[in-house]
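A structural walkthrough
The chain contents come next:
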Amino acid sequence: MENKALKNILTRHSVREFTGDRVKKEDLLTILKAAMSSPSAVNQQPWSFVVVTKRKILDALCEKLPFAKMLSKAGAAIVVCGLSDKSKLINKDFWVQDCSAASENILLAAHALGYGAVWTAVFPDEKKVKDVRKILRIPKGIIPLNVIPIGRPVNKKEPPKDKFKKNNIHWEKW
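These lines cover the structure that appears in this document, whether it is placed above or below. These figures come from a predicted structure and were not determined experimentally. (Residues numbered from 1 in each chain as written. Predicted model: local features only at pLDDT ≥ 70, side-chain atom pairs only at ≥ 80, totals over all residues. Heavy atoms only, no water.)

1. Examining the layout of surface pockets
Short version of the rule: Grid points spaced at 1 Å and placed over the protein atoms alone form the basis of the search, with a cavity being a set where a 1.4 Å probe fits but cannot get out and a pocket an open set showing protein on both sides within 12 Å along at least five of seven lines. Lining residues have an atom within 4 Å of a point. Grid points are joined across faces, edges and corners, and a volume is the space filled by probe spheres set on the points. Gly counts as polar in this scheme, as do all residues outside two lists: the nonpolar Ala, Val, Leu, Ile, Met, Phe, Trp, Tyr, Cys and Pro, and the charged Asp, Glu, Lys and Arg.
Counted as a void, the largest pocket has a volume near 410 Å³. In terms of lining, the largest pocket is formed by 18 residues, of which the most central are Arg12, His13, Ser14, Pro160 and Lys161. Of the residues in the lining of the largest pocket, the class split is eight nonpolar, three polar and seven charged.

What follows is the structure in structure tokens.
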């Protein structure tokens, strides 16, 4: 495939095994720039990000999040947080869609830079939200949507799953 953007989208996959190598700060900033390039309802941009690179904090998150054990070898993590008060011009719950779009851009940008990443859910699980807030000192009105571990993949040749299913497509009408 010649189109680099489509190739990146179609070859991205969830990576759960990392080498433990650090993620360069410049790469994290590029990934965050991609995240903030996402669309948002009425351009409210109701997001904020916590970048975690310290092993002690990554390990604390790993301990509290049962489906994020890959944090033990991740070089970094980005926690995507929603600012529901920022969506007050419209439905305050649009932050979920907006932060989800930013999260997908994080996953795609990480893949484009040669890293692996995986979305691990926090919201709407109240216990996970509370634990992540406590570890990262996130203020009460800010809602952590997910934790995205990022790192160099152990298996760089792992093929993406083919998720295309024709039966999920309806033309013109259901």
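2. Observations regarding the pairing of strand E2 (residues 76–83)
Threshold: Three labels apply to residues, based on accessible area from a 1.4 Å probe with only protein chains included: buried if under 20% of the type maximum, exposed if over 50%, partly exposed otherwise in between. Numbering of helices and strands starts at the N terminus; helices are DSSP runs of H or I of at least 4 residues and strands are runs of E of at least 2. At least two bridges found by DSSP between two strands is the condition for calling them paired.
Along E2, eight of the eight residues are buried, which leaves the element largely enclosed by surrounding structure. Going residue by residue along E2, you find Ala76, Ile78, Val80 and Gly82 tucked away on one face and Ala77, Val79, Cys81 and Leu83 tucked away on the opposite face as well. Note: strand E1 (residues 47–52) against E2, six bridges, orientation antiparallel. Paired with Trp47 across the strands is Gly82, a residue of E2. Inspection of the sheet shows E2 paired to strand E5 (residues 142–151) by eight bridges, in the antiparallel sense. Opposite Ala76, over in E5, you have Ile150 as the bridge partner.

3. Notes on empty space enclosed by the protein
Empty space among the atoms becomes apparent when a probe as large as a water molecule is rolled across them. Counting across every chain of the model gives one cavity of 30 Å³ or more. Quantified by volume, the largest cavity comes out at close to 30 Å³. Around the largest cavity, the lining residues are Leu65, Pro66, Phe67, Ala68, Thr120, Ala121 and Lys128. In terms of residue class, the lining of the largest cavity is made up of five nonpolar, one polar and one charged.

4. Thoughts on the environment of Asp21
Test applied: For this analysis, residues touch if any pair of their heavy atoms sits within 4.5 Å. In protein, a polar contact means a hydrogen-donor-capable atom and an acceptor-capable atom, both N or O and within 3.5 Å, with residues adjacent in sequence counting only if both atoms are side-chain atoms; elsewhere, any N or O pair within 3.5 Å suffices.
Checked against the element boundaries, Asp21 lands in the loop between helix H1 (4–11) and helix H2 (25–35). As a C-alpha pair, Asp21 and Ala74 span 53 residues in sequence and 7.4 Å in three-dimensional space. Discounting residues that sit within four places of it in the chain, Asp21 has contacts with Gly75 and Arg152. Within the structure, the side chain of Asp21 is placed 3.2 Å from the side chain of Thr19, a separation counted as a polar contact.

5. Observations concerning unusual backbone geometry
In this model, Phe123 is joined to Pro124 through a cis peptide bond whose omega is 10°. Mapped onto the fold, Pro124 is located in the loop between strand E4 (120–121) and helix H5 (126–136). The backbone of Val42 sits at a positive phi, close to 50°, despite the residue not being glycine. Within the secondary structure, Val42 sits in the loop between H2 and E1. For Asn43, which is not glycine, the phi dihedral falls at a positive 50°. One can find Asn43 in the loop between H2 and E1. Take Asn43: its relative accessible area is 53%, and that puts it in the exposed class.

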